[in-house]
Amino acid sequence: MLSRLCAQQQPATLTQTPAVVKFNKRIARRLDHFRAPHTLASPTEKKPPRFENLDLSKSMLKALSQAGYETPTPIQAELIPRALDGIDVIGQAQTGTGKTAAFGIPIIDDLEPRSEVAGPQALVLVPTRELAVQVKNEITKLSEGQRVGCVAVYGGKPIRSQIEKLNRNAQIVVGTPGRVLDHIGRGSLRLNDLWCVVLDEADRMLDIGFRPDIEKILKRCPKDRQTLLLSATLPPTILRLAQRYMYKPETIDCSPAELSVETIEQHYFTVDQGRKFDLLLRLIEQEQPKQAIVFCRTKRGTERIHNQLSQRIKGTACIHGDMQQRARDRVMSQFREGKVRYLVATDVVGRGIDVSSISHIINYDIPQFCDDYVHRVGRTGRMGREGVAFTFVTSEEGGELTKIEQRINRLLIRGEIKGFESQQTSRTSVSEKPKPPPPTSLMRRPPRKHRRRL
Ligand code: ADP
Ligand code: MG
């Protein structure tokens, strides 16, 4: 790899256009990093994290201040300098910690001028359509005043308009793996000029069965590219993928010692299955959430609860994987604008949604997997704001409740509402303090043979 990089560094054979100068600078930085990795400040001599100390351009600093970003989050402070060094990085951090900007900032700042490079320079793979839109919006926000061409490509939208946008000199492409492959197959997405590939929410992409598609895409990307992988968790499947497709990746672990949702008040209610809906109504009435997501386990359940809820309350909507993309987009933008106050959702679409005014999460159905609990609850309390989460637990689901408590290393507070007492949920003998998660925690989630469609 290094020799290949050195071989590319032959300025004599290349005209010194701004793009070539920038390219050489990037390669030189990468070489420097491998020769002397200690040039990154050691934790003790680190300056306090400030965007001004991260070697960013003036226009980027201006865009950041316009976005209201005053200081980098931990993952940003760690990842940006390494990404600017051109090396491969695995960044682990919880949801809501600013991972999008962590990879978006260095990519935008290193883009070569549109006039110099014809094809897309960076490709960001994301698990869902909603995230594709969200990441694109964040990149647009961060490139304020810089005329950066960013295109989101995802299924459910007419391919024609995406092709047109790709042709109009897209510099950054954000997309779901299936649609990206489709564009590659049609020749509408050229990969030759890519110098950076990002696997965002990598754990989720693998969960929903995107590994073969991701591998197909990575195999076709230029070998000398930089690869950045962002994930809340690093199960062995991700590490294997990284081993195969990344070059000497550096791992940054910004996850808290225990995966938990510290600032969020978390309650559970024991309730009989047949009384859940009445409890939901009562809670909404009592809490008057600013905005809430009501999570259900299945698509059918999501629709049913939404139908019932919409007959009683204004400002409700639902979202799940079977809906037409146009309807999903409409619901998401109405939710962002605050026109929808109560969103009934399944896990797949709930994951990664970043709407800062979500005050309440209601787990109408207890999540099947502990990870899903953390991700659902993480939709509130974004960027350190406070939030409240309620989980409905039937008497047979005590075991699931215990597993969640073990995972977050904290007991949920038992909530009681008069008239809704069920038989006591039998937690599987939880002592005062739940046991910390076992060391094999990375493998906690059972492997799924089939793509889980929610
Ligand atoms: P993640 O990908 O880790 O789940 P996001 O990238 O979606 O997190 O960021 C969560 C929210 O934090 C977004 O609304 C984003 O605009 C905001 N954000 C990111 N970085 C900063 C920062 N440095 N200062 C303030 N807000 C930030
Ligand atoms: Mg993210």
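The residue count restarts for each chain, going from 1 along the sequence in the order it is written. Each chain gets a letter, beginning with A, and each ligand a number, beginning with 1, in the order they are written. Local features in a predicted model are, by the rule used here, given only for residues with pLDDT of at least 70; side-chain atom pairs are given and counted only at 80 or more, and totals for whole chains, interfaces and linings are based on all residues.

Attention now goes to the overall build of the protein chain. Within the protein chain one finds 17 helices and 14 strands. Between the buried cut of 20 or more and the exposed cut of 12 or fewer other C-beta atoms within 10 Å of a residue's own C-beta lies the partly exposed class, and all C-beta atoms are placed from the backbone. When the 454 residues of the protein chain are sorted by exposure, 44% land in the buried category. In the protein chain, of all internal contacts separated by at least 6 residues, the share reaching a separation of at least 24 is 78%. Starting at the N terminus, helices and strands are each numbered in turn, a helix being any DSSP run of H or I of at least four residues and a strand any DSSP run of E of at least two. Contacts here follow a simple rule: the backbone-placed C-beta atoms of the two residues must lie within 7 Å.

Now for the confidence of the model for the protein chain. Across the chain, each position has a pLDDT score giving the predictor's confidence in that residue, from 0 to 100. On average, residues of the protein chain carry a pLDDT of 82, and 80% of them reach 70 or more. Note that pLDDT drops below 50 for residues 1-13; the model gives that stretch 13 contacts with residues more than four away or on any other chain. A low-confidence stretch, residues 429-454 stays under pLDDT 50, and its non-local contacts, those more than four residues away or across chains, total 32 contacts.

A separate point is the site of ligand 1. Using a C-beta atom placed from the backbone, a residue is described as near a molecule or strand when that atom lies within 6 Å of it. The immediate surroundings of ligand 1 are formed by 16 residues, with Y69, T95, G98, K99 and T100 found nearest. Here the nonpolar group is Ala, Val, Leu, Ile, Met, Phe, Trp, Tyr, Cys and Pro; Asp, Glu, Lys and Arg are the charged ones; every other residue, Gly included, is treated as polar. For the shell around ligand 1, the class distribution of residues is five nonpolar, seven polar and four charged. Each of domain 1 (15-30 + 53-253) and domain 2 (264-414) gives at least three residues to the shell around ligand 1. Residue ranges assigned to each domain were obtained from an automatic or database domain assignment.

With that out of the way, let us pick up the packing of helix α5 (residues 99-110) against helix α6 (residues 129-142). In this analysis, axes come from line fits to C-alpha atoms, helices being fitted only over the stretch in contact, and the angle between any two N-to-C directions falls in the range 0 to 180 degrees. Axis separation between α5 and α6 bottoms out at 10 Å; the angle between their running directions is 50°. Judged on the interaxial angle alone, α6 and α5 are oblique. Crossing of α5 over α6 shows right-handed handedness. For the pair α5 and α6, the contacting residues are T100, A101, G104, I105 and I108 in the first and V135, E138, I139 and L142 in the second. Its residues assigned to classes, the contact of α5 with α6 comprises six nonpolar, two polar and one charged. What sets the label is the angle itself: under 35 degrees gives roughly parallel, over 145 gives roughly antiparallel, 65 to 115 gives roughly perpendicular, and the rest give oblique. Crossing handedness follows the turn of the near helix against the far one: under a right angle anticlockwise gives a left-handed crossing, and clockwise gives a right-handed one.

This part covers the nonpolar core. Core analysis: the biggest nonpolar cluster contains 68 residues, and V124, L125, I172, V174 and V198 have the highest contact counts within it. Not counting the four nearest positions on each side in its chain, V198 is found in contact with F103, A122, V124, L125, L228 and L230. Residues of type Ala, Val, Leu, Ile, Met, Phe, Trp, Tyr and Cys that are buried and joined through C-beta atoms within 7 Å form what is called a nonpolar core.

Axis angle and axis distance: for two packed helices, these are the angle between their axes and the distance between the axes, and together they describe the pair. Where helix α8 (residues 177-186) contacts helix α10 (residues 211-220), the axes come no closer than 9 Å and their chain directions differ by 40°. Considered as vectors, α8 and α10 are oriented oblique to each other. Seen along the crossing, α8 lies across α10 with a hand that is left-handed. Only D213, I214, K216, I217 and R220 of α10 make contact with α8, whose side of the interface consists of P177, G178, V180, L181 and I184. In terms of residue class, the contact of α8 with α10 is made up of six nonpolar, one polar and three charged.

The first and last C-alpha atoms of α6 sit 20 Å apart over 14 residues, in line with the 20 Å expected at 1.5 Å per residue. Extensive coverage of α6 is indicated by the burial of 11 of its 14 residues. Turning to α6, its buried residues are R129, E130, L131, A132, V133, Q134, V135, K136, E138, I139 and L142. Multiplying one less than the number of residues by 1.5 Å gives the expected span of a helix.

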